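Spelled out from the first residue to the last, the chains are:
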Amino acid sequence: TANPLTIYNHGTSILATLDTSGNFGIGSDTSPDSALAVTNDDLGYDFLFGSGGVTLSTNSTNGINIDTYGSASLTSNQGAANAIELVSTTGGIDISTGSGTGDIDILGGDAINLTSQQSGSTSIVLSAPQGAISLSGGQINLRSDDPIANSIQILTYGATGGIDISTGGDLG
């Protein structure tokens, strides 16, 4: 059956389609499968808005950029462990403030878990080349399941570096 509404560009290219189920397609999608589908096959993007949520996708390496002068916020009201996921199937994920003056705060209402599936001496690396790494508050546990004599090492580099360990009493 024909679509109830089709808008053409000078009679040749379809600009928009309203199908019999009420789905509206803008661009090259002549059979929209979402309430609103914005598609351009030549530019390689597909934006779908429907009962399955919102999907923004590209079919090239151009990606999707969100740029704002205000703040950007991702919020999920789903009560699931993976309510918000950042997934890269073949590359890495970088989080940066873009400047030397902003902090990156990771706040957890419960625990913050860092897990690496890589085996080796650099599975999780904490680095502060121009400062210090401070762990404070509560108990600090260092555990290794590596059955070797030096499975936990505390190292200092440089001719003048040292290690202080204080137990009980006043700190300082």
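> I tried to follow the environment of Asp164 on my own but got confused; where do I start?
Here Asp164 lies in the segment after strand 6 (53-58). Overall, the relative accessible area of 77% leaves Asp164 in the exposed class. As for Asp164 and Tyr45, which are separated by 119 residues in sequence, their C-alpha atoms are 57 Å apart.

> I tried to follow the confidence of the model for the protein on my own but got confused; where do I start?
If pLDDT is low for a region, its predicted coordinates should not be looked at in detail. This prediction gives the protein a mean pLDDT of 80; 95% of its residues lie at or above 70. Averaged over each element, pLDDT in the protein is lowest for strand 1 (residues 5-9) (77) and highest for strand 3 (residues 24-27) (84).

> How should the pattern of salt bridges be read in this particular structure?
Pairs can form between side chains of opposite charge once their charged atoms are near each other. For the structure shown, the criterion picks out 1 salt bridge. Between Arg143 and Asp145 there is a salt bridge, with the nearest N and O atoms lying 3.0 Å from each other. Judged on exposure class, the residue Arg143 and its partner Asp145 are both exposed.

> Looking at this structure, I do not really get the sheet that holds strand 6. What am I missing?
Across a sheet, paired strands are connected by hydrogen bonds in the backbone, their directions being either parallel or antiparallel. Strand order in the open sheet formed by 6 strands is 1-2-3-4-5-6, with mixed pairing between adjacent strands. Looking at the sheet topology across the chains shown, the edges are occupied by strand 1 and strand 6. Strand-to-strand, the axes of this sheet are offset by a mean angle of 15 degrees, without reference to chain direction. Across 6 bridges, strand 5 (residues 45-50) lies against strand 6 in antiparallel orientation. Looking across to strand 6, one finds that Phe49 is bridged to Val54.

Reading the values: rules and limits
Residues numbered from 1 in each chain as written. Predicted model: local features only at pLDDT ≥ 70, side-chain atom pairs only at ≥ 80, totals over all residues. Heavy atoms only, no water. Helix = DSSP H or I, 4+ residues; strand = E, 2+ residues; numbered from the N terminus. Buried < 20%, exposed > 50% of the residue type's maximum accessible area, 1.4 Å probe, protein only. pLDDT = per-residue confidence, 0-100. Salt bridge = Lys/Arg side-chain N within 4 Å of Asp/Glu carboxyl O. Pairing = 2+ DSSP bridges. Axes fitted to C-alpha atoms, helices over the stretch in contact; angles between N-to-C directions.

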